[in-house]
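Summary of the model geometry
The primary structure of each chain is shown beneath.
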Amino acid sequence: MRKTQWITAGIALLLVLVTYWGCPVRPPEMEAGFQRGPVQATGIESLIREAHADLSPAAAATISTLEARLEGQDDDSLRVDLLQQLAGEWYRAGQPAISGAYAARIAEIQNTEDAWAITATTFSLCLKQEGIDDKARQFCSAEAEAAYQAAISLNPDNAEHRINLALTYTDNPPPDNPMKGILMLRELEERYPDNPQVYITLAQLAIRTNQLGRAAERLEKANALQPGNPDVVCPLAKVYENLGRNEESGLLAQECGRLLQNASK
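What you see is a predicted model, and the numbers here were worked out from it, not measured in a lab.

Looking now at the overall build of the chain. Along the chain, the regular secondary structure elements total 13 helices and zero strands. Mapped in sequence order, the helices and strands of the chain form the string α-α-α-α-α-α-α-α-α-α-α-α-α. Counting across all 265 residues of the chain, residues that qualify as buried make up 46%. Carbon and sulfur atoms form 53% of the exposed surface of the chain, whose accessible area is close to 13600 Å².

So, on to the state of the cysteines. Each disulfide consists of one covalent bond between the sulfur atoms belonging to two cysteines. As enumerated under the stated definition, the model contains two disulfides in all. Bridging Cys234 to Cys256, the disulfide has an S-S length of 2.0 Å. Between Cys234 and Cys256 the disulfide shows an S-S torsion of about 100°. By sign, it is right-handed. One end of the pair, Cys234, is in helix α12 (residues 230–242); the other, Cys256, is in helix α13 (residues 246–264), with 22 residues separating them in the sequence. Cys256 sits in the buried class, given a relative accessible area of 11%.

A word on the packing of helix α4 (residues 76–92) against helix α5 (residues 96–110). At a minimum axis distance of 8 Å, the contact between α4 and α5 shows a crossing angle of 160°. One way to sum up the angle between α4 and α5 is to call them roughly antiparallel. For α4 against α5, the interelement crossing comes out left-handed. Along its contact with α4, which presents Asp76, Arg79, Val80, Leu83, Gln84, Leu86, Ala87, Trp90 and Tyr91, the element α5 presents Pro96, Ile98, Ser99, Tyr102, Ala103, Arg105, Ile106, Ile109 and Gln110.

For the rest of this paragraph, the subject is helix α6 (residues 113–127). The end-to-end C-alpha separation of α6 is 21 Å, in line with the 21 Å expected for 15 residues at 1.5 Å each. Across the 15 residues that make up α6, a large majority, 12, are buried. For α6, the complete set of buried residues consists of Ala115, Trp116, Ala117, Ile118, Thr119, Ala120, Thr121, Thr122, Phe123, Ser124, Cys126 and Leu127.

Mapped onto the elements of the fold, Asn242 is located in helix α12. Considering only alpha carbons, one finds Asn242 and Leu212, 30 residues apart in sequence, at a separation of 7.9 Å.

All right, on to the packing of aromatic side chains then. Applying the stated rule across the entire model yields one aromatic pair. Pairing Phe123 with Phe139 gives two aromatic rings, centres 5.6 Å apart and planes at 80°, and the pair type is edge-to-face. One end of the pair, Phe123, is in helix α6; the other, Phe139, is in helix α7 (residues 134–154), and 16 residues separate them in sequence. Judged by its relative accessible area of 0%, Phe123 falls in the buried class. Owing to a relative accessible area of 8%, Phe139 belongs among the buried residues under this scheme.

Between side chains of opposite charge, a pair can form as their charged atoms come close. For the coordinates displayed, the defined rule picks out eight salt bridges. One salt bridge in this structure joins Asp171 and Lys128, with 3.8 Å as the shortest N-O distance. Of this pair, Asp171 sits in helix α8 (residues 159–171) while Lys128 is found in the loop between α6 and α7, placing the two residues 43 residues apart along the sequence. For Lys128, a relative accessible area of 46% corresponds to the partly exposed category. Glu241 is paired through a salt bridge with Lys238; the nearest N and O atoms lie 3.7 Å apart. Within this pair, Glu241 and its partner Lys238 are both found in helix α12, separated by three residues, close to a single helical turn. The exposure class of Glu241 is partly exposed, given its relative accessible area of 42%. According to the relative accessible area criterion, Lys238 is partly exposed, its value standing at 46%. Each of Lys128, Asp171 and Arg208 takes part in one network of salt bridges that share partners.

Turning our eyes to something else, we now look at the side chain of Arg218. Tracing the chain through its elements places Arg218 in helix α11 (residues 212–225). Glu189 provides the closest opposite charge to the buried, salt-bridge-free Arg218, at an N-O distance of 4.9 Å. Among residues more than four places away in sequence, those in contact with Arg218 are Tyr199, Leu202, Ala203 and Ala206.

About the thresholds
- Residues numbered from 1 in each chain as written.
- Predicted model: local features only at pLDDT ≥ 70, side-chain atom pairs only at ≥ 80, totals over all residues.
- Heavy atoms only, no water.
- Helix = DSSP H or I, 4+ residues; strand = E, 2+ residues; numbered from the N terminus.
- Buried < 20%, exposed > 50% of the residue type's maximum accessible area, 1.4 Å probe, protein only.
- Areas by Shrake-Rupley, 256 points an atom, 1.4 Å probe, with all protein chains shown as cover.
- Disulfide = S-S within 2.5 Å.
- Axes fitted to C-alpha atoms, helices over the stretch in contact; angles between N-to-C directions.
- Parallel < 35°, antiparallel > 145°, perpendicular 65-115°, else oblique.
- Left-handed = near helix turned anticlockwise from the far one by under 90°.
- Contact = heavy atoms within 4.5 Å.
- Expected span 1.5 Å × (residues − 1).
- Phe/Tyr/Trp six-rings, centres within 6.5 Å; stacked < 30°, edge-to-face > 60°.
- Salt bridge = Lys/Arg side-chain N within 4 Å of Asp/Glu carboxyl O.
- Lys, Arg positive; Asp, Glu negative; His and termini not counted.

Structure follows, in structure tokens:
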């Protein structure tokens, strides 16, 4: 299946999350990185307490009922069902941080690559919220990193998780290593030279910093690897336009229109 850019992957996983929606079970080599200490526990409990005050009466009643049913429930299949419902309710209430916390509990039970990817995507969406406070940002950033690491441990050959983890670092640079995400993407370029998604991601970062020449080079590489991908063709048309390469921009803009029209059919 063709890999799409990170945002598209996030949207796809989000659709799964909306509809899809303890005792941790993790690969031994990942266990040390996944101990939920007092900071994480206190952080989510505090977020839940504060968020309850903003719920509509109907949502508050539904969530309280689900939480009561979850308490003391020992059957894993029933726990997963209740956790999925809670994750969905909190997401619809505009609280992806809390939704992600419940998704993480599901992933701890199921311990599958997809479950951890859904968890990581939910926390990544939390980081994109406007007006997110520092406490929620710190919590979501740490949890997104942990979930991506878990997905990577279960499928080390899937470059998508590594790319998304690098994007988490670029969007929320660690104070002690602000270049961590950029360096990780450069390593991925060396490790996966035939993966167009790596070049698409690097191009997106170059566009953010107005390095249009570099963005063009990377999109051209992606286009050579995966011709006809609108996630490459459309931004490349815009980059060419901004570089004054109007003839090339016009041709790609026409191709972009055709590709998007075909995709909508």
